[in-house]
Amino acid sequence: MPPVALVTGSRKGIGRRVAEHLAARGYRVVGCSREPADWSAAGYEHRIADVTVEPEVVALVAGIRRDLGAPAVLINNAGVASMNHALLTPGETADRVLRTSVLGTFLVSRECGKLMMRERFGRIVNFTSVAVALALEGEAVYVAAKGAVEALTRTLAREFGPMGITVNAIGPGPLDTDLTRAVPPEKIQALVERMAVRRRTTFEDVTNVVDFLVRPESSAVTGQTIYLGGP
Amino acid sequence: MNEDLLELVAETVRSYRVTMQDSAAPIAADTPLFGADGVLDSIGLVSVVVELEQKVSELAGRDVSLMNDRALSRSRSPFRTVRTLAEYAAGEMGRAGST
C-alpha cells in the first residue's frame with residue numbers, strides 16, 4: 001500500500017505543486033479545498049472541505065482513514081493573504097486570514113495527529129513565509145497568522161514528538177502564485193533584495209525541502225522553520 | 001454501569017501499556033489512571049483518550065468526542081480511574097449530537 005498524504009489548499013499554487021510532486025513520488029495523495037479542482041493526476045484525488053470548519057475537517061480525515069488509511073504525511077498549505085496597510089484592513093479580512101492559517105492548521109493537524117499517533121509515525125509540514133522573518137510591512141495580519149503557525153509548529157513538535165510525529169514549517173520567499181501576482185513587480189524585487197539569496201523562490205525549492213522533511217530518515221528533524229532564500 | 005464499556009476502557013489502557021512495554025500492574029475498574037498513583041503519564045492519557053474516542057465512536061455509530069469543555073470544566077476529573085472514564089464515556093455516548 002502506498003503511503004497516504006493529505007495536502008490542504010491543493011486547488012492551485014504551492015498546494016497543487018506539492019500534491020502533484022508527492023503523487024509523482026508514489027504517494028496516494030488526497031487534496032482539499034473549498035472549491036473543486038480543475039486539474040487531475042494519477043494517484044491524486046480531490047475532496048471538498050473548508051479547513052476552518054471543524055465538522056468538515058473531522059469528516060475529511062475520517063473519510064481518508066476509512067477509504068485509504070491513516071495519512072503518513074500532512075501538508076498544511078491552505079492559507080489566504082491580505083496585502084494591505086494595517087490601517088486599511090477590515091476586521092473581517094483579518095479574521096479570515098487568521099482562521100485559515102491558524103485554526104485550519106490546528107484542526108487538520110489535530111485530526112491527522114490522532115491517526116498518526118496510532119501508527120507511531122507522521123510527518124506534518126506547515127507553511128509560513130519569509131514575510132514573518134522580515135516583519136514585512138503591508139502584511140501585518142498575514143505575518144501575525146504565519147507567526148502563529150510557526151509557534152504552533154514548535155509546540156506541536158513537542159506534543160507530538162513522543163508519538164513519532166515530526167512537525168516542521170517551510171517559509172518560502174515570493175513565488176509565482178495568486179498570493180504574489182497582485183503585488184507590483186517592484187515590491188517583489190524590493191523583497192528579493194532583502195533576502196540572502198536574491199531570486200524568487202521556485203516550486204522546486206519548496207518540493208526539495210518537502211522531500212527532506214517527509215523522509216523517514218528525518219525523524220530527528222522537528223520544530224524547525226526553514227526559510228527559503230534566507231531572511 | 002455498562003460492564004462492556006468498563007472492560008473497553010480497561011482494555012484500551014492495557015493495550016497502551018503493552019505498547020509501552022510497561023504492563024506490570026493489573027488494570028481494574030478502580031485503577032487510578034492519572035496523578036500520583038496513576039498508571040498513565042500525560043502522553044499515555046492523551047493516547048488512551050484518543051483511542052477510546054475512536055472505539056466509542058464506532059460503537060455509537062457517530063463521532064463522540066471525549067475531550068471537550070464539559071470534561072475539562074468538571075470539578076472532579078472524569079479521567080481519575082477506569083470506572084470514572086467509563087462512566088463519562090457512557091454519558092457522552094448518550095448525549096445527542098455530541099461531537
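Residues numbered from 1 in each chain as written. Chains lettered and ligands numbered in written order. Predicted model: local features only at pLDDT ≥ 70, side-chain atom pairs only at ≥ 80, totals over all residues. Heavy atoms only, no water.

Chemist: Explain the interface of chain B and chain A here, please?
Modeler: The figure often quoted for interface size is the accessible area lost as the parts come together. Counting residues at the interface gives 10 residues for chain B, matched by 9 residues for chain A. Buried area between chain B and chain A, summed over both chains or domains, comes out near 830 Å², and the portion from carbon and sulfur atoms is 59%. Looking only at chain B, the three residues that lose the most surface to chain A are I43(B), V50(B) and Q54(B), adding up to 46% of its buried area. The tally of links between chain B and chain A comes to 3 salt bridges. (Contact = heavy atoms within 4.5 Å. Buried area = accessible area lost by both parts, 1.4 Å probe. Salt bridge = Lys/Arg side-chain N within 4 Å of Asp/Glu carboxyl O.)

Chemist: Explanation requested: helix α2 (residues 54-67) of chain A in the structure shown.
Modeler: Think of an α-helix as 3.6 residues a turn; residues three or four steps apart then line up on the same face. Residues and elements named next belong to chain A. Taking 1.5 Å as the rise per residue, α2 with 14 residues should run 20 Å; its terminal C-alpha atoms sit 20 Å apart, in good agreement. Of the positions making up α2, those classed as buried are V57, V58, L60, V61, G63 and I64. Buried residues in α2 make contact with β1 (4-8), β2 (28-33), β3 (44-48) and α3 (91-119). Of the residues trailing α2, G69 is marked for its positive phi of about 105 degrees. (Helix = DSSP H or I, 4+ residues; strand = E, 2+ residues; numbered from the N terminus. Expected span 1.5 Å × (residues − 1). Buried < 20%, exposed > 50% of the residue type's maximum accessible area, 1.4 Å probe, protein only.)

Chemist: I tried to follow unusual backbone geometry on my own but got confused; where do I start?
Modeler: When glycine is set aside, most residues are seen to have a negative phi, and most peptide bonds are trans. All names here are of chain A. Phi at R120 is positive, roughly 55 degrees, even though this residue is not glycine. One non-glycine residue, A135, lies in positive phi territory at about 45 degrees. Mapped onto the elements, A135 comes out in the loop between α4 (130-133) and α5 (140-160).

Chemist: Any chance you could explain the pairing of β2(A) here in plain terms?
Modeler: Walk down a regular strand and you will see the side chains alternate between the two sheet faces. Residue and element names in this part refer to chain A. Counting buried positions along β2 gives 5 out of 6 residues, so the element sits mostly inside the fold. Note: β1 against β2, 5 bridges, orientation parallel. The partner of V7 across the bridge, within β2, is G31. Handedness of the β1-helix α1 (residues 13-24)-β2 crossover: right-handed. Examined bridge by bridge, β2 and β3 share 5 bridges and lie parallel to one another. Bridge assignment links S33 to a residue of β3, and that residue is I48. (Pairing = 2+ DSSP bridges. Right-handed = clockwise from strand over helix to strand, strands pointing away.)

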